[in-house]
Amino acid sequence: MENDDSALGFWANFQNVSGGVEGEGSGLQVNYERANGRDNSGRFGFGGEFDEKSEYLLQCVNDVESKCAASGGSESQGVKVDVNLNLGLGGEPSSSSSSSKIAIGRENCDYDIQNKRLKVHSLSLDWSTNFENETSCLAAEHTEVRDEDLPYSSVAGNNTKTDNDTSKMDDSEVRMDLTDDLLHMVFSFLDQIDLCRAARVCKQWRDASSHEDFWRYLNFENRVLSAQQFEDMCRRYPNATAVNVYGTPDMYTLVMKAIYSLRNLEILSLGKGQLGETFFQALTDCHMLRSLTVNDATLGNGIQEIPFYHDMLRDLHIVKCRVLRVSIRCPQLETLSLKRSSMPHVVLNCPLLRELDIASCHKLSDAAIRSAAISCPLLESLDMANCSCVSDETLREIGSACPNLHILDASYCPNISLESVRLAMLTVLKLHSCEGITSASMVAIAYSSMLEVLELDNCSLLTSLSLDLPRLQNISLVHCRKFVDLNLRSSVLSSITVSNCPSLQRINITSNSLKKLVLQKQESLTTLALQCHCLQEVDLTECESLTNSICEVFSNGGGCPVLRSLVLDNCKSLTAVSFCSTSLVSLSLGGCRGITSLELRCPYLEHVSLDGCDHLEHASFSPVGLKSLNLGICPKLNALHIEAPRMVALELKGCGVLYVAFIYCPLLTSLDASFCSQLRDDCLSATTSSCPLIESLVLMSCPSVGPDGLSSLRCLPNLTYLDLSYTFLVNLQPVFDSCLYLKVLKLQACKYLSDTSLKPLYKGGALPALCELDLSYGTLCQSAIEELLAGCMHLTHVSLNGCVNMHDLDWGSQSEMSTIYGSFDSSSLENVQPKDRLLQNLNCVGCPSIKKVVIPPTARCYHLTSLNLSLSSNLKEVDISCCNLFFLNLSNCISLEILNLDCPRLTSLFLQSCNIDEEAVEAAILQCHMLETLDVRFCPKISQLSMVPLRAACPSLKRIFNSLAPSLF
């Protein structure tokens, strides 16, 4: 025997070795020669892990091998030993592992991976046919189903061969580690397509997937299926209870075979074809039929009456069918749908019918609809949408004849007005686009005291609605263009949909269940009265006619005691807003440009949006639960009162006319008052006294702040960040005396500071914790800057951008050395302990007078990592030796000629628009062994050909930017 590896590809997953077989007989062939060269665990593929029964089995095999070796057994003759293979899961015996003969020969040892037992192989198998008849998955939609695609297909005379091959497979397969019961449970979650795919795995899966439990429903919708194939399926699964042949080419033939072959048929679906008279006659013989669906079909020859007679039918759906007349006599029928069918006549004899759907049956007359409905006294649901002939008289008779009617859909029926119509038990009423519905129709609706759902969308003549319905839960009013007044009272009302009603002016709602109310874009709405004790969210976006009186509705005592979220965006008629609420958490007033006064007394308010309220002048937040507040978008704010015990951040940037501010925020840590030009010392003193935890204070462009205000900063022991940029300060002594723990001081463009203003920093030891100092665009002289840099060794970040009086940055001069080493003479230099600079970042951008920068190793700038000298147009010489510098920017230094770098950790060098030549750059980067990025764009003396020597000079380069090629890698 030769194994067909192509047909049994999954065998490669196991540790068996295929080969030729000599001799005949059945039994397990054990390779005696290989047994001497490997242990039992490797031979049987158990990976070295045995249970007690496995060890017992292997012991038996070893005993047999030893006997065979002692007696000199040959390949064609072996010793047969009975071995109990009861090694199944959980110790239970398996149906296929009772007892087997083990023949000792010279072949491989195979085993059953499912139950961890040896597997008996038949040596006479024809392996090439093992998978010839394996089940294929069903064809895709609108594709042909072949014989081999069906489970156990016997078409084309292959029965004998299939049965023979199946019997051969019983002993040849490797079974998965699943019991039959577990496999059955798993397969119960698969559809028929997946079942057919699973059937191709192995014999066990094939048997499991073909179980009749999975084939109760034969679904061949939109598939090309022959009559013979379908007949075979019906013969193989005679207990099938559901069949779907909708869209099959020979639908009529198939459905007739199903009716005659499947005696237990309960559900039948068909369509897309023509059904003859024989089909309707045969239905009476299908006694178990409970549900019939005929979709998009032609019934009969189009000129005859079609009878539907069946004693047990419960559900009948005749959808989108073409027929002249239908007569239905089904005493057990409960659900009937004739939706979209073109029939002018219908006769019903269904005394138990509860649901009737005749929607879009345009050819049915008013009399036909009336006759059909009143013949069903137990009717509970009636859908007559798009039946344009229906009249009020028909509805009145239906209301009298069908007292149990609960659901009525009369949408798109233009002739009904509900005049004198009484439907007492109605719970759901849908009247979309009913042109005859007016305010007078509400009398009939009010009579339906059981009503729960009411839909009146697109009722163009409806002007007002006033209902007091105790069970009403849901109401919809969309695109009612003449609707003006809404008055609803219902304790269980939970959903209201009102949209695109441009004339709506008044709303009065009383409900104990409503939690969310959305009334967006009701431009004419002026009056809103709510008594909703469970209402939590209200959205009145773009209700432009709402006035200030709306505030009373949502304040304490206004009828919404648990309101949490209120949206009044773009309500342009609001001018003075005042809320006093103990429940409000979120308030949005975005785009309300007319508001000039705002008063909020909401202790639990956490979120407020004032975007676009650019005319706000007076604001009071007392008390509120806000944690942060941004009033920088209110440029006209002049009076502010804030009492927020939980607030930690307040931004007043841009409130240029603010001159009165009372701020009581004991937890406030950040205050930004940039550009508050009217903010005075008394206001700043009061704020620092009431907010002692402030850590960050920005007073940029606050020219009214003077020494008295700065002296009050002593009340802020935690102050670490202070920005006094663009102020008129001349004396910083109040800052030095008050801010002992300051870490960041920004003094940009403080042009009135004298050269001695910062002397306490580098002479008197002021602000010992200061790390960052920004003196950009100042007027300090060269000597003052040199003394500052030399005396403040503890600074880590220094910005001197735009300092016009700064000429050179030479840290190799004698004065710099004296600062580092202290007072000394040349004979005692070796005994002096030098000081290290802590400077990490130095910015000297746009310093037009600077010509030379020298930072030698003796400057001890061991921590300097970033140096920016860009836009220094007169800078000619740069000589830097910093062991940790990794970023250097010399862009637009158009006078640069000399560049000496000893920066082994430099990774980025920017020389954009510099006149330096190729040789100088090449020499500069020789000692930069970690350089990755070099920018030489717009350098006139560096060409495209210069890239090669630059890369040769610095092999670590990954990116070179030049004006011809944006990026070279």
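Residues numbered from 1 in each chain as written. Predicted model: local features only at pLDDT ≥ 70, side-chain atom pairs only at ≥ 80, totals over all residues. Heavy atoms only, no water.

Brief notes about the overall build of the protein chain
Next up, step 1: The number of helices and strands found in the protein chain is 22 helices and 53 strands.
Next up, step 2: By sequence separation, contacts in the protein chain at least 24 residues apart represent 45% of the contacts at least 6 residues apart.
Next up, step 3: Only carbon and sulfur atoms are counted for the fraction: they give 50% of the accessible area of the protein chain, which is about 42,200 Å². (Helix = DSSP H or I, 4+ residues; strand = E, 2+ residues; numbered from the N terminus. Contact = heavy atoms within 4.5 Å. Areas by Shrake-Rupley, 256 points an atom, 1.4 Å probe, with all protein chains shown as cover.)

Looking at the packing of aromatic side chains
When we look at a pair of aromatic rings, we describe it by the centre distance and by the angle of the planes.
Next up, step 1: By the definition in use, this model includes 8 aromatic pairs.
Next up, step 2: Taking 6.5 Å as the distance between ring centres and 65 degrees as the angle between the ring planes, the aromatic pair formed by phenylalanine 187 and phenylalanine 214 counts as edge-to-face. Of this pair, phenylalanine 187 sits in helix 5 (residues 180–187) while phenylalanine 214 is found in the loop between helix 7 (203–209) and strand 6 (217–219), placing the two residues 27 residues apart along the sequence. The pair phenylalanine 187 / phenylalanine 214 is uniform in exposure class, with both members buried.
Next up, step 3: An angle of 75 degrees between the planes, with centres 5.6 Å apart, marks the rings of phenylalanine 728 and tyrosine 752 as edge-to-face. One end of the pair, phenylalanine 728, is in the loop between strand 40 (721–723) and helix 17 (733–738); the other, tyrosine 752, is in the loop between strand 41 (744–746) and helix 18 (759–762), with 24 residues separating them in the sequence. Neither phenylalanine 728 nor tyrosine 752 differs from the other in exposure class; each is exposed.
Next up, step 4: In this structure an aromatic cluster arises from ring pairing among Phe187, Trp205 and Phe214.
Next up, step 5: Geometry around tyrosine 309 places arginine 329 over its ring, the cationic atom sitting 4.1 Å from the centre.
Next up, step 6: Positioned above the aromatic ring of tyrosine 447 is the side chain of arginine 422, whose terminal nitrogen or guanidinium carbon lies 5.2 Å from the ring centre. (Phe/Tyr/Trp six-rings, centres within 6.5 Å; stacked < 30°, edge-to-face > 60°. Buried < 20%, exposed > 50% of the residue type's maximum accessible area, 1.4 Å probe, protein only. Lys NZ or Arg CZ within 6 Å of the ring centre and 35° of its normal.)

Here we look at the sheet that holds strand 20 (residues 464–468)
Next up, step 1: Reading across from one edge, 20-22-24-26 is the order of the 4 strands in this open sheet, with parallel pairing throughout. For this open sheet the edge positions go to strand 20 and strand 26 (527–532), each flanked by a neighbour on one side alone. Averaged over neighbouring strand pairs, the angle between their axes works out to 5 degrees when direction is ignored. (Pairing = 2+ DSSP bridges. Axes fitted to C-alpha atoms, helices over the stretch in contact; angles between N-to-C directions.)

Examining the pattern of salt bridges
Working definition: two side chains of opposite charge can pair if their charged atoms are close together.
Next up, step 1: Summed over all chains, the structure comprises 24 salt bridges.
Next up, step 2: The partner of glutamate 772 in a salt bridge is lysine 746, and the shortest N-O contact between them spans 3.4 Å. One end of the pair, glutamate 772, is in strand 42 (residues 772–774); the other, lysine 746, is in strand 41, and 26 residues separate them in sequence.
Next up, step 3: Under the relative-accessibility criterion, glutamate 772 is labelled partly exposed at 25%.
Next up, step 4: For arginine 959, the salt bridge goes to glutamate 932, with nearest N and O atoms at 3.7 Å. With arginine 959 in strand 53 (residues 959–961) and glutamate 932 in the loop between helix 21 (918–924) and strand 52 (933–935), this residue pair connects regions lying 27 residues apart in the sequence.
Next up, step 5: Where salt bridges share partners, they join Glu231, Asp232, Arg235 and Lys257 into one cluster. (Salt bridge = Lys/Arg side-chain N within 4 Å of Asp/Glu carboxyl O.)

Structural notes on the nonpolar core
Next up, step 1: Among the nonpolar cores identified, the biggest contains 265 residues, and Phe554 and Phe621 are the most heavily contacted of them.
Next up, step 2: Ranked by the residues each element gives to this core, the list is headed by helix 9 (residues 251–261), at 6 residues. (Core = buried A, V, L, I, M, F, W, Y, C linked by side-chain atoms within 4.5 Å.)

With respect to a positive patch on the surface
Next up, step 1: A cluster of basic residues, Lys272, Lys320, Lys339 and Arg340, forms a positive patch on the protein surface.
Next up, step 2: Arginine 340 gets classed as partly exposed once you look at its relative accessible area, which sits at 47%. (Patch = residues over 30% accessible without salt bridge, like charges linked within 9 Å, V, L, I, M, F, W, Y side chains within 5 Å. Lys, Arg positive; Asp, Glu negative; His and termini not counted. Charge placed at Lys NZ, Arg CZ, Asp CG, Glu CD.)

Quick notes on the pairing of strand 23 (residues 495–499)
Next up, step 1: Along strand 23, the buried face is formed by Ile496 and Val498; none of Ser495, Thr497 and Ser499, which line the opposite face, is buried.
Next up, step 2: Across 5 bridges, the pairing between strand 21 (residues 474–478) and strand 23 is parallel. Across the sheet, residue valine 478 finds its bridge partner in strand 23, namely serine 499.

Quick word on the sheet that holds strand 46 (residues 852–855)
Next up, step 1: The strand order 44-46-48-50 describes an open sheet built from 4 strands, whose pairing is parallel. At either end of the open sheet lies a strand with only one pairing partner, and these are strand 44 (808–810) and strand 50 (898–901). Across the sheet, the axes of successive neighbouring strands diverge by a mean angle of 10 degrees, strand direction being ignored.

A word on the state of the cysteines
Next up, step 1: Applying the stated criterion to the full structure yields 0 disulfides.
Next up, step 2: Here cysteine 571 is not disulfide-linked; the sulfur of cysteine 592 is the nearest cysteine sulfur, at 5.3 Å. (Disulfide = S-S within 2.5 Å.)

Re the side chain of threonine 541
Next up, step 1: Along the chain, the position of threonine 541 falls in the loop between strand 27 (537–539) and helix 14 (550–553).
Next up, step 2: Judged by its relative accessible area of 14%, threonine 541 falls in the buried class.
Next up, step 3: Here aspartate 539 takes part through its side chain, which lies 2.5 Å from a polar atom of the side chain of threonine 541. (Polar contact = N/O pair within 3.5 Å; in protein donor to acceptor, adjacent residues only side chain to side chain.)

Describing the confidence of the model for the protein chain
Next up, step 1: Overall, the predicted model of the protein chain reaches an average pLDDT of 82, with 79% of residues at or above 70.
Next up, step 2: Below a pLDDT of 50 lies the segment residues 819–829, which in the model reaches 20 contacts outside its immediate sequence neighbourhood of four places, other chains included.
Next up, step 3: Considering only residues more than four positions removed or in separate chains, one finds that residues 965–969, a stretch of pLDDT under 50, has 16 contacts. (pLDDT = per-residue confidence, 0-100.)

Re unusual backbone geometry
Glycine aside, residues mostly have negative phi, and peptide bonds are mostly found in the trans state.
Next up, step 1: A cis amide bond links serine 622 with the next residue in sequence, proline 623, at an omega value of -10 degrees.
Next up, step 2: Structurally, the position occupied by proline 623 is in strand 33 (residues 618–624).
Next up, step 3: Phi is positive for tyrosine 726, which is not a glycine, with a value near 60 degrees.
Next up, step 4: Position of tyrosine 726 relative to the elements: it lies in the loop between strand 40 and helix 17.

Notes on the environment of histidine 362
Next up, step 1: Relative to the helices and strands, histidine 362 resides in the loop between strand 15 (355–357) and helix 11 (366–374).
Next up, step 2: For histidine 362, a relative accessible area of 53% puts it in the exposed group.
Next up, step 3: Taking the C-alpha atoms as reference points, histidine 362 and arginine 340, separated by 22 residues in sequence, lie 7.7 Å from one another.
Next up, step 4: From its side chain, histidine 362 meets the backbone oxygen of asparagine 386 in a polar contact 3.3 Å long.

Looking at the packing of helix 11 against helix 12 (residues 392–401)
Working note: a packed helix pair is described by the angle between its axes plus the distance between those axes.
Next up, step 1: Contact pair helix 11 / helix 12: the axes reach a minimum separation of 9 Å and the direction vectors enclose 5 degrees. Between helix 11 and helix 12, the angle is such that the two are roughly parallel. Here helix 11 contributes Asp366, Arg370, Ala373 and Ile374 to the contact with helix 12, which in turn contributes Glu393, Thr394, Glu397, Ile398 and Ala401. (Parallel < 35°, antiparallel > 145°, perpendicular 65-115°, else oblique.)

Description of the packing of helix 8 (residues 227–236) against helix 9
Next up, step 1: Contact geometry of helix 8 with helix 9 gives a least axis separation of 10 Å together with a crossing angle of 20 degrees. Classed by the angle they form, the pair helix 8 and helix 9 counts as roughly parallel. In this structure, the crossing between helix 8 and helix 9 has a hand that is right-handed. Between helix 8 and helix 9, the residues in contact are Ala227, Phe230, Glu231 and Cys234 and Thr253, Leu254, Lys257, Ala258 and Ser261, respectively. (Left-handed = near helix turned anticlockwise from the far one by under 90°.)

Focus: a nonpolar patch on the surface
Next up, step 1: On the surface, a cluster of nonpolar side chains totalling about 430 Å² of accessible area is made up of Leu182, Met185, Val186 and Phe189.
Next up, step 2: Looking at where valine 186 falls in the secondary structure, it is placed in helix 5.
Next up, step 3: On the basis of relative accessible area, valine 186 is assigned to the partly exposed category, the value being 39%.

Observations regarding the environment of asparagine 264
Next up, step 1: Among the structural elements, asparagine 264 can be located in the loop between helix 9 and strand 8 (267–275).
Next up, step 2: Asparagine 264 gets classed as partly exposed once you look at its relative accessible area, which sits at 30%.
Next up, step 3: On a C-alpha basis, the gap between asparagine 264 and cysteine 286 in space is 8.1 Å, while along the polypeptide they are 22 residues apart.
Next up, step 4: Each residue touching asparagine 264, except ones within four places of it in the same chain, is listed here: Pro238, Asn239, Ala240, Thr241 and Met288.
Next up, step 5: Among the polar contacts listed, one links the side chain of asparagine 264 to the side chain of asparagine 239, at a separation of 3.2 Å.

Quick word on helix 8
Next up, step 1: Turning to helix 8, its buried residues are Gln229, Phe230, Asp232, Met233 and Cys234.
Next up, step 2: Looking at the packing, one finds that the buried side of helix 8 touches strand 6, strand 7 (242–244) and helix 9.

With respect to the side chain of serine 757
Next up, step 1: With respect to the helices and strands, serine 757 occurs in the loop between strand 41 and helix 18.
Next up, step 2: Within the structure, serine 757 has its side chain in polar contact with the backbone nitrogen of serine 754 (distance 2.9 Å).
Next up, step 3: Filtering out sequence-adjacent residues up to four positions away, serine 757 remains in contact with Val730, Leu732 and Phe736.

Thoughts on the environment of arginine 481
Next up, step 1: Considering the arrangement of structural elements, one finds arginine 481 in the loop between strand 21 and strand 22 (485–489).
Next up, step 2: It is 8.3 Å that separates the C-alpha atoms of arginine 481 and leucine 462, two residues lying 19 residues apart in sequence.
Next up, step 3: Each residue touching arginine 481, except ones within four places of it in the same chain, is listed here: Ser460, Pro502 and Ser503.

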